Amino acid sequence: MKKIKTNAMRMLDRQKMNYELREFPLDGQKAAEYLGLPPAMIFKTLVTTDTAGKYFVFCVPTSEELDLKKAAKIVGVKRIEMLRQKELFPLTGYIHGGCSPVGMKKLFPTIIDSSVEQWSTILVSAGHVGMLMELSPKDLVQMVNANTANIVAKM
């Protein structure tokens, strides 16, 4: 069987960045349990839009929720909302559940939750459902030109 090589993996390969592919037969929420990792180490990629049609990407631990008010303030807009699922693929080239911050059709302003700084490696989608890439947070920040900030909702 041929191994899938996603755009995210190709981009990391081109930049000679180290990553380890992790596959799991479950949805992202259960990936941590399946892989025996803390849920706070696995980051989901969320794409948002503001009222002017600008797009922003946020990465937060799968165990957390994005605080839309904090996120809007960080990127300097009044209000943002989650992108509609049907708009995700045409905009990013990725489907819901397999959206990677690396290798989108266009590089959007990207913010990663500051909790990323506590880890030597984190996992993000590899661009395909059931596939994660484990890489250093510094490499991810560099790859997508991201900033870090506290963007999670307080539970």
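Report follows, based on the coordinates. Keep in mind that this is a model prediction, so the values were computed, not measured. (Residues numbered from 1 in each chain as written. Predicted model: local features only at pLDDT ≥ 70, side-chain atom pairs only at ≥ 80, totals over all residues. Heavy atoms only, no water.)

1. With respect to the sheet that holds strand 7 (residues 131–135)
Consideration 1: Strand order in the open sheet formed by three strands is 1-7-6, with antiparallel pairing between adjacent strands. Looking along the sheet, the strands with just one partner apiece sit at the ends: strand 1 (20–23) and strand 6 (122–128). On average, each strand axis in the sheet is inclined to that of its neighbour by 35°, with strand direction left out of account.
Consideration 2: Two strands pair when backbone bridges link them, and strand 6 and strand 7 are joined in this way by five bridges, in the antiparallel orientation. Along strand 7, the bridge assignment pairs V124 with M133.
Consideration 3: Relative to strand 7, helix 1 (residues 7–14) is tilted by about 25°, and along the sheet it contacts strand 1, strand 6 and strand 7. (Pairing = 2+ DSSP bridges. Helix = DSSP H or I, 4+ residues; strand = E, 2+ residues; numbered from the N terminus. Axes fitted to C-alpha atoms, helices over the stretch in contact; angles between N-to-C directions. Contact = heavy atoms within 4.5 Å.)

2. Focus: the pattern of salt bridges
Consideration 1: Summed over all chains, the structure comprises six salt bridges.
Consideration 2: One salt bridge connects R22 with E134, and the closest N-O pair in it is separated by 2.7 Å. In this pair, R22 sits in strand 1 while E134 sits in strand 7, placing the two residues 112 residues apart along the sequence.
Consideration 3: E134 sits in the buried class, given a relative accessible area of 13%.
Consideration 4: Between E87 and R84 there is a salt bridge, with the nearest N and O atoms lying 2.5 Å from each other.
Consideration 5: Residue R84 is classed as exposed on the basis of its relative accessible area of 52%.
Consideration 6: One network of salt bridges, with partners in common, ties together E20, R22 and E134. (Salt bridge = Lys/Arg side-chain N within 4 Å of Asp/Glu carboxyl O. Buried < 20%, exposed > 50% of the residue type's maximum accessible area, 1.4 Å probe, protein only.)

3. Observations regarding helix 4 (residues 85–92)
Consideration 1: Residues of helix 4 that are buried include every one of L88, L91 and T92, and no others. The buried residues of helix 4 occupy an angular sector of 85° when the element is viewed end-on, so they sit on one face. Of the residues in helix 4, the exposed ones pointing more than 90 degrees away from the buried face are K86 and P90.
Consideration 2: Each element contacted by the buried residues of helix 4 is listed here: strand 2 (43–50) and strand 3 (55–61). (Arc of directions from axis to C-beta.)

4. A closer look at the nonpolar core
Consideration 1: If you look at the biggest cluster of nonpolar residues, it comprises 28 residues, and the most contacted ones within it are V47, V102, M133 and L140.
Consideration 2: Looking at this core, the elements with two or more residues in it are helix 1, strand 2, strand 3, helix 4, strand 6, strand 7 and helix 5 (137–144).
Consideration 3: Setting aside its immediate chain neighbours within four residues, V47 contacts F56, V57, M82, L83, L88, L91, T92, C99 and M104.
Consideration 4: In this structure, L46, I80, A149 and V152 belong to the second largest nonpolar core, which totals 13 residues. (Core = buried A, V, L, I, M, F, W, Y, C linked by side-chain atoms within 4.5 Å.)

5. Focus on the pairing of strand 5 (residues 110–113)
Consideration 1: Going residue by residue along strand 5, you find T110 and I112 tucked away on one face and I111 and D113 tucked away on the opposite face as well.
Consideration 2: Summarising the sheet, strand 3 and strand 5 pair through three bridges and their orientation is parallel. When the sheet's bridge partners are listed, C59 is paired in strand 5 with I112.

6. Side note on helix 3 (residues 68–75)
Consideration 1: The backbone nitrogen of K69 lies 3.0 Å from a side-chain oxygen of the residue at the head of helix 3, namely D67.
Consideration 2: The positive-phi residue at the C-terminal boundary of helix 3 is G76, with phi of around 75°. (Polar contact = N/O pair within 3.5 Å; in protein donor to acceptor, adjacent residues only side chain to side chain.)

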